[in-house]
Amino acid sequence: MTGKAKPKKHTAKEIAAKVDAATTNRGGGKAGQMDRTGKDKGGHSKFECPHCKSTAPDLKSMQIHHDARHPKIPFEEDKLINLHADNVAESSKPRPGVRGSFKK
Ligand SMILES: [Zn+2]
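Residues numbered from 1 in each chain as written. Predicted model: local features only at pLDDT ≥ 70, side-chain atom pairs only at ≥ 80, totals over all residues.

Topic: the overall build of the protein
1) Next: Each helix and strand counted, the protein has 4 helices and 3 strands in total.
2) Next: Starting at the N terminus, the α and β elements of the protein follow one another as α-α-β-β-α-β-α.
3) Next: The buried share of the protein, reckoned over its 104 residues, is 7%.
4) Next: A separation threshold of at least 6 residues defines the contact pool for the protein, and within that pool the share at least 24 residues apart is 52%. (Helix = DSSP H or I, 4+ residues; strand = E, 2+ residues; numbered from the N terminus. Buried ≥ 20, exposed ≤ 12 C-beta atoms within 10 Å, placed from the backbone. Contact = placed C-beta atoms within 7 Å.)

A word on the confidence of the model for the protein
1) Next: For the protein, the average pLDDT comes to 74, and 59% of its residues sit at 70 or higher.
2) Next: When pLDDT is averaged over each helix and strand of the protein, the minimum, 49, is found for helix 2 (residues 29-37) and the maximum, 95, for helix 3 (residues 59-69).
3) Next: Confidence drops under pLDDT 50 across residues 32-42; counting only partners more than four residues distant or on other chains, this segment forms 18 contacts. (pLDDT = per-residue confidence, 0-100.)

Some thoughts on the sheet that holds strand 2 (residues 55-56)
1) Next: Strand order in the open sheet formed by 3 strands is 2-1-3, with antiparallel pairing between adjacent strands. The open sheet has two edge strands, strand 2 and strand 3 (81-82), and neither has a second partner.
2) Next: Of the pairings in the sheet, the one linking strand 1 (residues 47-48) to strand 2 comprises 2 bridges and is antiparallel in character. Following the sheet pairing, F47 is matched in strand 2 by A56. (Pairing = 2+ DSSP bridges.)

A word on unusual backbone geometry
1) Next: Unusually for a residue other than glycine, K53 sits at a positive phi of about 65°.
2) Next: By the element assignment, K53 lies in the loop between strand 1 and strand 2.
3) Next: Given 10 C-beta atoms within 10 Å, K53 falls into the exposed group.

Some words on the environment of L80
1) Next: Structurally, L80 is set in the loop between helix 3 and strand 3.
2) Next: Separated by 27 residues in sequence, L80 and K53 place their C-alpha atoms 9.6 Å apart.

Written out as structure tokens, the structure reads:
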């Protein structure tokens, strides 16, 4: 304890809340990540159809979907939206609002 107790802008409670927010966000794992990216709609599906936004858990399913729904469009693997790859790329970027340094 020092003699002068200056009023702090950041109280311990406030910091604790921030730490909690930061660690909860990060520690949420897949659920937290889904929550942040708003990609929950696809569930655990990996691929998203670029033509109709339908999702499929794997390439084969997506190909079946494509053949059934878009027979006139050539199936191009490159055009599929890989939700998982997108998530990985995103999590490696620094995220505003997530303070890794506060992680305990
Ligand atoms: Zn489709």
